[in-house]
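What the coordinates show
Residue-level listing of the chains:
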Amino acid sequence: MTPVAALAVLLLGLLLAKWAFAPVRRRSRTAPPAGYMEEPPELPEVRGDAFDHAAVDADGFEHTVAALCARDGCTAVEVVGGAGDLGADVLARTADGRRVVLQCKHYAEDNRVGSQDLQRFGGTCFAVHEADVAVIVTTSSFTQPAAEYADTCGIVRVDGEALAAWTEQRAPAPWEPGSDAPAPYPTPRGASS
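Residues numbered from 1 in each chain as written. Predicted model: local features only at pLDDT ≥ 70, side-chain atom pairs only at ≥ 80, totals over all residues. Heavy atoms only, no water.

**Some details on the packing of helix α3 (residues 115-122) against helix α4 (residues 144-153)**
What counts, and what does not: Orientation is described by lines fitted to C-alpha atoms, with helices fitted over the stretch in contact, and by angles between N-to-C directions that extend from 0 to 180 degrees. Working definition: helices are DSSP H or I runs of at least four residues, strands are E runs of at least two. Numbering for both runs from the N terminus. Roughly parallel refers to an angle under 35 degrees, roughly antiparallel to one over 145, roughly perpendicular to one between 65 and 115, and oblique to any angle outside these ranges. In this description, contact between two residues means that some pair of their heavy atoms is separated by no more than 4.5 Å. Under the convention adopted here, Pro, Cys and the residues Ala, Val, Leu, Ile, Met, Phe, Trp and Tyr are nonpolar, Asp, Glu, Lys and Arg are charged, and Gly plus all remaining residues are polar.
Relative orientation of the contacting elements α3 and α4 amounts to 20°, with a least axis distance of 8 Å. Taken together, α3 and α4 sit at an angle that is classed as roughly parallel. Mapping the contact onto sequence places S115, L118, Q119 and G122 in α3 and P145, A146, Y149 and A150 in α4. Class assignment of the residues belonging to the contact of α3 with α4 gives a composition of 5 nonpolar, 3 polar and no charged.

Below is the structure:
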């Protein structure tokens with residue numbers, strides 16, 4: 001074996017070992033025991049200005065999206081964005097128990113969300129974060145390749161227009177049936193089509 005091939009095999013082994021032992025938050029597939037009361041997490045405060053997407057920076061945008069989730073009946077709403085978030089900015093649980101993972105892109109109107117953004121999110125939303133519904137929300141719009149990738153992977157896209165409709169309650173939340181979000185809804189893990 002040549003030294004280059006041996007080095008490549010060694011590096012591949014190290015990467016696989018790191019991946020195998022990386023800490024990943026796993027959710028239990030079993031129901032809690034009868035009578036068990038989990039302490040409900042504190043939901044984001046929802047005030048009238050909580051939905052002003054234009055008045056906030058990228059971090060504030062994550063909080064406005066979390067406030068929308070809370071307003072629309074989600075529980076266990078948590079803003080987790082930041083370094084090391086692996087693509088998840090907001091985690092939430094719908095009233096019917098589905099896990100929603102949201103990626104937030106607070107972009108200027110002329111800065112469209114590209115396929116690389118979708119690919120990074122698509123690589124973690126289901127496999128790492130175990131999303132039942134994966135949603136990418138932007139104040140801008142999506143490039144055609146990004147839209148195609150999202151549609152192929154079952155990632156719900158919410159562009160600036162759809163965000164305004166959701167915020168103003170002219171459209172349902174992106175995880176709800178009847179939403180005008182342009183991507184198909186993924187089938188929850190373990191459910192049959």
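**A few points about the pattern of salt bridges**
Pairing between side chains of opposite charge can happen when the charged atoms of each approach one another. Stated precisely, the cut-off is as follows: Put simply, a salt bridge is a Lys or Arg side-chain nitrogen that is within 4 Å of an Asp or Glu carboxyl oxygen.
Evaluation of the coordinates by the stated rule reveals 6 salt bridges. Each member of the salt-bridge network shares a partner with another, and the members are K105, D117 and R120.

**Considering the sheet that holds strand β4 (residues 133-138)**
Condition: In this analysis, strands are considered paired if DSSP registers two or more bridges between them.
Taken in spatial order, the 5 strands of this open sheet run β1-β2-β3-β4-β5, and their pairing is mixed. The open sheet terminates on both sides in strands that have one partner only, identified here as β1 (75-79) and β5 (155-158). Averaged over all pairs of adjacent strands, the angle between strand axes in this sheet comes to 20°, irrespective of strand direction. Across 3 bridges, the pairing between β1 and strand β2 (residues 90-93) is antiparallel. The partner of V79 across the bridge, within β2, is V90.

**Describing the nonpolar core**
Here is the rule: What makes a nonpolar core is a set of buried Ala, Val, Leu, Ile, Met, Phe, Trp, Tyr and Cys residues whose side-chain atoms join them at distances within 4.5 Å. Any residue under 20% of the maximum accessible area for its type is buried, any over 50% is exposed, and the rest in between are partly exposed; the area is computed with a 1.4 Å probe on protein chains only.
With 22 residues, the main nonpolar core has C69, V137 and W166 as its most contacted residues. Those elements that provide at least two residues to this core are α2 (58-71), β2, β3 (99-105), β4, β5 and α5 (160-167). The element contributing the most residues to this core is α2, with 6 residues. With near-sequence residues (within four places) excluded, W166 lies in contact with V65, L68, C69, R71, D72, V137, V158, A171, P172, A173, P174 and W175. L91, F126, A146 and I155 belong to the second-largest nonpolar core, a separate cluster that totals 15 residues.

**Here's the deal with the packing of aromatic side chains**
Threshold: Only rings of Phe, Tyr and Trp enter the pairing, Trp through its six-membered ring, and a pair is recorded when the two centres are within 6.5 Å. The plane angle decides the type: under 30 degrees is stacked, over 60 is edge-to-face, the rest tilted. In this scheme, the term charge over a ring applies when either NZ of a lysine or CZ of an arginine sits within 6 Å of the ring centre and within 35 degrees of the ring normal.
Counted according to the given criterion, the structure contains 1 aromatic pair. Ring centres of W166 and W175 lie 5.8 Å apart, and the angle between their planes is 90°; this geometry places the pair in the edge-to-face category. Accessibility assignment for this pair places W166 and W175 in one class, buried. One cation-aromatic arrangement involves R157 over F142; the distance from NZ or CZ to the ring centre is 5.7 Å.

**Structural notes on unusual backbone geometry**
One non-glycine residue, A76, lies in positive phi territory at about 50°. Mapped onto the secondary structure, A76 falls in strand β1. Among the residues examined, A76 registers a relative accessible area of 35% and is labelled partly exposed. Phi angles above zero are rare outside glycine, and E130 is one such case at about 55°. Among the structural elements, E130 can be located in the loop between α3 and β4.

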